[in-house]
Amino acid sequence: MKSEIIQNLKNPEQLEKLYRANSALFKKEFNALWSEYPEETSLQVWNQRLNYAPEPITLGAKNELLFILILGICAALISQIPSFFGLDQDTFFQRNISFVIFPFLSAYFIWKQQVPVHKILLPLGICLFSVIYINLLPHTSPSDSILLACIHVPLILWSVWAYSYLGERLLSNTHKRIEFLRLHGDLLVMCAIILLSGGLFTAISLGLFEIIGLDIKEFYGKYVIVSGLSATPILGNYLIQKNPALVKNVSPIIAKIFTPVVFVFLFVYLIAMGFTGKDPYTNREFLLIFNGLLVGVMALILFSVAEAEKNESPKYQTWLLLGLSALTIVVNGVALSAICFRIIEWGITPNRIAVLGSNLLIFIHLVLVAKSLLKTTQGKSDFNLVAKSIAQYLPIYSIWAAIVCFIFPLIFQFR
């Protein structure tokens with residue numbers, strides 16, 4: 001092997017063949033040979049390839065860790081407000097769950113990017129206004145418009161997070177917006193890992209205390225678990241920012257696995273729906289589940305396209321995404337016709353208008369994405385066009401969320 005490497009120093013193709021034939025022996029002989037030919041350019045490249053030491057996992061500098069600790073404690077304290085003041089937990093978290101997560105994710109990026117004070121005023125003002133507004137809404141029950149405001153306020157806070165992440169590139173940088181979408185997939189994976197680890201630690205802890213005769217389940221669940229869940233997104237985001245290689249290969253694999261699975265499921269589901277006679281036109285619960293399915297598939301499409309754009313996926317995956325988009329357009333069309341039918345048949349309600357508006361926005365977005373994917377499959381464009389069709393439309397969802405959150409309760413008089 002050693003002599004063959006020497007003979008083919010100027011033949012990169014043959015060196016590659018030797019490596020693939022027996023990589024372990026190639027590396028052993030190469031390392032023995034390297035000191036004899038340190039000036040050989042081709043061997044310098046191979047040395048980096050064979051002996052490259054990836055950066056170790058790091059927890060960051062002390063000041064960063066301290067800042068993350070402060071953010072985590074603040075999030076945990078907010079999550080404990082119902083316990084401290086004797087409030088109803090369901091009501092509190094229904095209105096305030098987003099304030100436990102998004103402001104602290106935003107604060108991290110504002111701090112990391114050293115955003116000037118005058119540029120912090122807008123996100124800070126939106127957060128303060130939103131938390132005061134949502135908690136001053138009447139506690140009337142049932143109230144569809146107030147419930148819709150509670151459902152949509154996380155989107156307002158999500159927009160603040162996006163603003164903090166994108167900074168001055170909020171409107172101009174499409175790539176940065178797609179990068180922000182990819183962060184969501186990585187964050188979900190990291191949070192799942194943290195929660196699995198926390199679940200194992202919880203089981204061991206409760207078991208150990210039970211052995212010595214102490215029942216800490218109520219205390220542990222009320223304070224430790226709730227506080228830990230609140231701090232998990234903050235910790236997960238920090239670990240991703242400091243060690244991007246931790247999950248960068250996991251999210252694309254998940255996207256590649258679930259895209260064809262969801263495509264087959266959606267195709268079979270539409271056929272099965274026709275045979276069962278169940279429809280979203282007269283069944284309200286079915287319409288809600290149907291719309292939940294639509295939102296989930298739409299999120300998968302956006303995430304899959306974002307991953308495909310980064311990894312230059314093969315053409316068959318582009319066709320698969322196009323097919324999934326087309327099927328989802330069909331699902332969306334059914335949902336739109338169903339909600340229009342219900343409005344004509346039974347009149348206007350906050351829920352029906354909110355669902356109609358959301359479905360219409362998703363339908364337009366899907367059409368734009370599908371059109372871009374079609375041009376990509378035909379070779380008329382590349383994934384940059386698809387990325388633009390996704391990224392440029394995202395602010396529309398934030399505008400709609402603001403309308404539902406801040407205007408619907410007033411229009412429908414808190415009904």
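Note: the structure precedes this text.
These remarks concern the structure in this document. All values reported here derive from a predicted model rather than from experimental measurement. All chains use their own residue numbering, which begins from 1 and follows the written sequence. Selection of residues for local features in this predicted model requires a pLDDT of at least 70, selection of side-chain atom pairs for listing and counting requires 80 or more, and totals for whole chains, interfaces and linings are taken over all residues. With hydrogens and water stripped out, all remaining heavy atoms of the structure feed into the side-chain values.

### Comments concerning the overall build of the protein chain
- Counting secondary structure elements, the protein chain contains 18 helices and zero strands.
- Think of it in three bands: with a 1.4 Å probe and only protein chains considered, a residue is buried below 20% of the maximum accessible area for its type, exposed above 50%, and partly exposed in between. Counting the 415 residues in the protein chain, one finds 42% classified as buried.
- Residue pairs in contact within the protein chain that sit at least 24 positions apart in sequence constitute 76% of those at least 6 positions apart.
- A 1.4 Å probe and the Shrake-Rupley method give the accessible areas. Residues count as covered only by the protein chains that appear here. Split by element, the accessible area of the protein chain, about 22500 Å² in all, is 68% carbon and sulfur. Secondary structure elements are defined from DSSP: runs of H or I of at least 4 residues count as helices, runs of E of at least 2 residues count as strands, and each element is numbered from the N terminus. Contacts are assigned to residue pairs with any non-hydrogen atoms lying within 4.5 Å of each other.

### Points about helix α15 (residues 350-377)
- Relative to the 40 Å expected for 28 residues at 1.5 Å per residue, α15 spans 40 Å between its end C-alpha atoms, a close match to the ideal helical length.
- Just downstream of α15, G379 is the residue with a positive phi angle, here 80°. Multiply 1.5 Å by the residue count of a helix minus one, and that product is the helix's expected span.

### Examining the pattern of salt bridges
- Here, a salt bridge means any Lys or Arg side-chain nitrogen found within 4 Å of an Asp or Glu carboxyl oxygen. All told, the structure shown has four salt bridges when counted by the stated rule.
- A salt bridge links K242 to E64; the nearest nitrogen and oxygen atoms lie 3.1 Å apart. In this pair, K242 sits in helix α11 (residues 217-242) while E64 sits in helix α5 (residues 62-79), placing the two residues 178 residues apart along the sequence.
- Residue class for E64 comes out buried when judged on its relative accessible area of 12%.
- Two residues, K176 and E179, come together in a salt bridge whose shortest N-O distance is 3.1 Å.

### Here we look at the packing of α5 against helix α7 (residues 89-112)
- Contact pair α5 / α7: the axes reach a minimum separation of 10 Å and the direction vectors enclose 170°. With respect to each other, α5 and α7 are oriented roughly antiparallel. Within the contact between the two elements, α5 uses N63, E64, F67, I68, L71, C74, A75, I78 and S79 and α7 uses F92, F93, F99, V100, F104, A107, Y108 and W111.
- For this classification, the nonpolar set comprises Ala, Val, Leu, Ile, Met, Phe, Trp, Tyr, Cys and Pro, the charged set comprises Asp, Glu, Lys and Arg, and every other residue, Gly included, is treated as polar. Tallied by class, the residues present in the contact of α5 with α7 amount to 14 nonpolar, two polar and one charged. Axis geometry follows a simple rule: fit a line to the C-alpha atoms, using only the stretch in contact for helices, then measure angles between N-to-C directions, giving values from 0 to 180 degrees. Here roughly perpendicular refers to angles of 65 to 115 degrees, roughly parallel to angles under 35, roughly antiparallel to angles over 145, and oblique to all remaining angles.

### A short note on α7
- Helix length check: α7 (24 residues) gives 33 Å between terminal C-alpha atoms against 34 Å at 1.5 Å per residue, within 8%.
- Trailing α7 by a residue or two, Q114 shows a phi angle of about 50°, which is positive.

### Observations concerning unusual backbone geometry
- Residues other than glycine seldom take positive phi values, yet Q114 does so here, at roughly 50°.
- Summarising the element assignment, Q114 is placed in the loop between α7 and α8 (117-136).

### Considerations on a nonpolar patch on the surface
- Nonpolar side chains collect at one region of the surface, where L66, L69, I70, I73, L77, F84, F85 and L87 lie side by side and expose about 820 Å² of accessible area between them.
- In terms of residue count, the dominant contributor to the nonpolar patch is α5 (five residues).
- Position of L69 relative to the elements: it lies in helix α5. Residues with no salt bridge and a relative accessible area higher than 30% make up the patches, which join like charges within 9 Å and nonpolar side chains (Val, Leu, Ile, Met, Phe, Trp, Tyr) within 5 Å.

### Side note on the packing of aromatic side chains
- Here a Phe, Tyr or Trp ring, Trp counted by its six-membered ring, pairs with any other such ring whose centre lies within 6.5 Å, and the pair is stacked when the planes are under 30 degrees apart, edge-to-face when over 60, and tilted otherwise. If you walk through the whole model with that rule in mind, you get 20 aromatic pairs.
- Geometrically, the ring pair formed by Y108 and Y238 is edge-to-face, given 6.0 Å between the ring centres and 85° between the ring planes. Residue Y108 is located in helix α7, and its partner Y238 is located in helix α11; the two are separated by 130 residues in the primary sequence.
- With a relative accessible area of 1%, Y108 lands in the buried category.
- Residues F219 and Y223 carry aromatic rings whose centres are separated by 5.2 Å and whose planes lie at 40° to one another, so their mutual orientation is tilted. Residue F219 and its partner Y223 are located together in helix α11, separated by four residues, close to a single helical turn.
- Each residue in the set F102, Y108, F109, W158, W161, Y165, F180 and Y238 is aromatic and connected to the rest through ring pairs, giving one cluster.

Taken by themselves, the reported measurements are silent on function.
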